[in-house]
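Survey of secondary and tertiary structure
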Amino acid sequence: MSRAWCSALPGALRLAVQITPNAKKTEVIGVLDDALKLKLQAQPIEGKANEALIKYLSGELGVPKSALTITHGLTNKRKLVEVVSATLTPEQVARILLK
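Structural notes, computed from the coordinates. Each chain carries its own residue numbering, running from 1 in the direction its sequence is written. It should be noted that, the model being predicted, local features are given only for residues of pLDDT at least 70 and side-chain atom pairs only at 80 or more, the latter also being counted only at that level, while totals for whole chains, interfaces and linings use all residues. Each side-chain value is derived from all of the structure's non-hydrogen atoms; neither hydrogens nor water enter the calculation.

1. Remarks on the packing of helix α1 (residues 48–61) against helix α2 (residues 90–97)
Fitted lines through C-alpha atoms serve as axes, helices being fitted only where they are in contact, and the angles separating the N-to-C directions of these axes extend from 0 to 180 degrees. What counts as a helix is a DSSP run of H or I of at least four residues, what counts as a strand is a run of E of at least two, and both are numbered from the N terminus. Contact pair α1 / α2: the axes reach a minimum separation of 10 Å and the direction vectors enclose 105°. Judged on the interaxial angle alone, α2 and α1 are roughly perpendicular. Of the residues in α2, those in contact with L57, E60 and L61 of α1 are V93, I96 and L97. All amino acids are sorted into three groups, where Ala, Val, Leu, Ile, Met, Phe, Trp, Tyr, Cys and Pro are nonpolar, Asp, Glu, Lys and Arg are charged, and the leftover types, Gly among them, are polar. Across the contact of α1 with α2, the residue classes break down as five nonpolar, no polar and one charged. The cut-offs work like this: below 35 degrees is roughly parallel, past 145 is roughly antiparallel, 65 to 115 is roughly perpendicular, and the gaps in between are oblique. In what follows, residue pairs with any heavy atoms lying within 4.5 Å of each other are defined as contacts.

The following block contains the structure:
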């Protein structure tokens, strides 16, 4: 299984995600084309989907929302999210999100 969607940075992790907004519920679909595919129960207007993504990931990973930053793709379905954490590893993140 490819883990290229989650990579380690100094003191942080980078997640490549692809979102599908307007879903019935927020959930992880799986890994597709080296990106973590997520359905979000939010509309893609006025940043609501980005807010929902940050809220969901912070809750699942157990980090504060302030530790997450969307670095690329603010207006795109494919995004790069940086997670500042000294303790999380790509393997832990994969285990948590792909449960």
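Read on, since the account is not over.
2. Here's the deal with the pattern of salt bridges
When a carboxyl oxygen of Asp or Glu lies within 4 Å of a side-chain nitrogen of Lys or Arg, that pair is called a salt bridge. For the coordinates displayed, the defined rule picks out four salt bridges. Here E82 and R14 are joined by a salt bridge, their closest N and O atoms 3.8 Å apart. Of this pair, E82 sits in strand β6 (residues 78–84) while R14 is found in strand β2 (residues 12–20), placing the two residues 68 residues apart along the sequence. Since its relative accessible area comes to 24%, E82 is described here as partly exposed. Between E60 and K99 there is a salt bridge, with its nearest N and O atoms 2.6 Å apart. Of the two residues, E60 sits in helix α1 while K99 sits in the segment after α2, which places them 39 residues apart along the sequence. A simple rule labels every residue: compare its accessible area, found with a 1.4 Å probe on the protein chains alone, to the largest value its type can have, and call it buried under 20%, exposed over 50%, or partly exposed in between.

3. Regarding α2
Buried within α2 are the following residues: P90, V93, A94 and L97. All buried residues of α2 project into a common sector of 100° when viewed along the axis, lining one side. Packed against the buried residues of α2 are β1 (6–9), β2, β3 (27–32), β4 (35–39) and α1. Regarding the arc, it is the one traced by the directions from the helix axis to the C-beta atoms.

4. Focus on unusual backbone geometry
Positive phi values are uncommon outside glycine, yet N22 reaches one of about 65°. Positionally, N22 belongs in the loop between β2 and β3. Its identity is not glycine, yet D34 carries a phi of approximately 60°, on the positive side. Structurally, D34 is set in the loop between β3 and β4.

5. Thoughts on the pairing of β6
Judged by which residues are buried, β6 turns out to be one-sided: K79, V81 and V83 face inward and are buried, whereas R78, L80, E82 and V84, on the alternate face, are not. A pair of strands is labelled paired if DSSP reports no fewer than 2 bridges between them. Looking at chain direction, β2 and β6 are connected through seven bridges and run antiparallel. What sits directly across from R14, in β6, is E82. Where strand β5 (residues 68–72) meets β6, four bridges bridge the pair, whose relative direction is antiparallel. By the bridge assignment for β6, I70 is matched with V81. Counted between consecutive antiparallel strands, the loop separating β5 from β6 contains five residues, among which G73 sits at a positive phi close to 85°.

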